[in-house]
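What the coordinates show
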Amino acid sequence: MSSSTDADTPAVASHPRLAELALALGGFAIGTTEFVIMGLMNPIADNLAVDPQRVGYAISSYALGVVVGAPLISCLAARVPKRTLLIGLMLLFALGNVASALAPGFWSFVGLRFIAGLPHGAYFGVAALVAAAAVPWNQRARAVARVMLGLTVAILLGAPLGTWAGNQFGWPVAFASVGVIAATTALMVWLFVPFVPADRDASPLRELGALANQQVLFTLGIASVGFGGMFAVFSYVMPTLTEQAGMAEALGPLVLAIFGVGTLLGTLVGARVADWNLIRAIPLILTWCLVVQTLFFFVADWVTPALLFVGLVGTSIALGPAIQTRLMDVAGDAQTMAASLNHAAFNLANALGAWLAGWVIDQGAVWSSTGLVGAALAIGGILIFLASRRAEKRA
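Residues numbered from 1 in each chain as written. Predicted model: local features only at pLDDT ≥ 70, side-chain atom pairs only at ≥ 80, totals over all residues. Heavy atoms only, no water.

Considerations on helix H4 (residues 82-101)
What counts here: A helix here means a DSSP run of H or I that spans at least four residues, while a strand means a run of E at least two residues long, and both kinds are numbered starting from the N terminus. Take the residue count of a helix, subtract one, and multiply by 1.5 Å to get its expected span. Using a 1.4 Å probe on the protein chains alone, a residue whose accessible area is under 20% of its type maximum counts as buried, one over 50% counts as exposed, and one in between counts as partly exposed. In what follows, a contact means two residues having at least one pair of non-hydrogen atoms within 4.5 Å.
The terminal C-alpha atoms of H4, which comprises 20 residues, lie 29 Å apart, in line with the 28 Å expected from a rise of 1.5 Å per residue. Turning to H4, its buried residues are Arg83, Leu85, Leu86, Ile87, Leu89, Met90, Phe93, Ala94, Gly96, Asn97, Ser100 and Ala101. The inward-facing, buried residues of H4 contact helix H1 (16-36), helix H3 (56-76), helix H5 (106-133) and helix H7 (172-192).

Considerations on the environment of Leu256
Tracing the backbone shows Leu256 in helix H12 (residues 252-276). What makes Leu256 partly exposed here is its relative accessible area of 29%. Expressed as a C-alpha distance, the spacing of Leu256 and Ala159, which sit 97 residues apart in the sequence, is 8.6 Å. Dropping the residues within four chain positions of it, Leu256 is found in contact with Ile155, Pro160 and Phe234.

Regarding the side chain of Thr240
Examined against the element boundaries, Thr240 turns out to sit in helix H11 (residues 237-244). The class of Thr240 is buried, set by a relative accessible area of 0%. Excluding its chain neighbours within four sequence positions, the residues that come into contact with Thr240 are Ala245, Phe296, Ala300, Trp367 and Ser368.

Observations regarding the confidence of the model for the protein chain
What counts, and what does not: The predictor rates its confidence in each residue with pLDDT, a number between 0 and 100.
Residue-level pLDDT values for the protein chain average 86, and 92% of them are 70 or greater. Across the protein chain, helix H13 (residues 278-299) holds the top mean pLDDT of 96, while helix H8 (residues 204-208) sits lowest at 66.

Re the side chain of Thr325
Among the structural elements, Thr325 can be located in helix H15 (residues 319-330). Non-local contacts of Thr325, meaning those with residues more than four positions away in its chain, are made with Arg140, Ala141 and Leu278.

What about a nonpolar patch on the surface?
Quick note on the threshold: Nonpolar side chains (Val, Leu, Ile, Met, Phe, Trp, Tyr) within 5 Å and like charges within 9 Å form the patches, drawn only from residues with over 30% relative accessible area and no salt bridge. Here the Shrake-Rupley method, with its probe set to 1.4 Å, supplies the accessible areas, and only the displayed protein chains count as covering residues. Put simply, a salt bridge is a Lys or Arg side-chain nitrogen that is within 4 Å of an Asp or Glu carboxyl oxygen.
A contiguous nonpolar surface patch, about 380 Å² in accessible area, is contributed by Leu64, Val68, Leu72 and Leu76. For Leu76, the position within the fold is in helix H3.

Quick notes on the pattern of salt bridges
Counted under the stated rule, the structure contains four salt bridges. Glu392 is paired through a salt bridge with Arg326; the nearest N and O atoms lie 3.0 Å apart. You can see Glu392 sitting in helix H17 (residues 370-394) and its partner Arg326 sitting in helix H15, a full 66 residues away along the chain. What makes Arg326 buried here is its relative accessible area of 7%. Several salt bridges converge on common partners, so that one network encompasses Arg326, Arg389 and Glu392.

Okay, structure coming up:
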């Protein structure tokens, strides 16, 4: 058990909904910058004089920034008050995105995307801790979900709007706009999120203890593998629908919107299920992922049912609030590190799912085989969960 400090006492926000809105706005900025680049690959490639597929380096660079930044910032900022840390992270994020918009060349753009990714995991982790600390114990997952709604709304609205603006007015407009939203978030956090003194007992060594915690590692493994199925399908959803189902490319924005609606519903329902019974919620959600991703394989020859299942695949994000809350339960004193690493695991799932699905397609499989890859990853997540429960009962 952690020692009692001022930092352990939840602070009461004078405007709690505005505080949650401020935290969610940061998630909206992060989600927009992470997904908008996928819709701007061609204009970025044309402007920076590279092949479109090379823009994928910038996507990988951002994801690498998330993976590196989450543990690094959690250690170095262990004794920084959470509100101060959130403001600093959003300002760094704003700077990285504005600088990306002003990048003079391709490789400088790739490097600046790495910098923009550094605050991603730490911001979501700290924001989740702040939100969860301000509500009763049995409402923590819903509080985390309200913060994560910013990410899902970004998928639903932010990325499509950013793609439209980038194509209309030049791709730098999308990243500059994200920078403005991030700066606004920093201001709103300062105004509405209550100040909590730093934990006097916090230290980099204590935060690193999360990496030696067996249950933390198991939970991160569930996220890294179980989440991968959603990305396996989503990464190749457009060629699946256009090449295999015969959908018109003009319906691309509709596909993104349907997926976004699915993530929104998944976040809300997943949070309620997690607050109902966290230990049952994780395998239940993974089983749901297994079913819908398997069925996507069978319906992808027809446009209408395929579009329906794109939305159902989006509901796989329901796993997010459950994993975040589980990490709070098992992390002990290393709360910031564990919460931040969840989003590093989320990005590892992105990389794993996209890579495995791409490999299977390269072997000659049909596009919809991404659903079977997703199903296999969901099974992997269930197996890791069962192993974690077995280890927990032995302990």
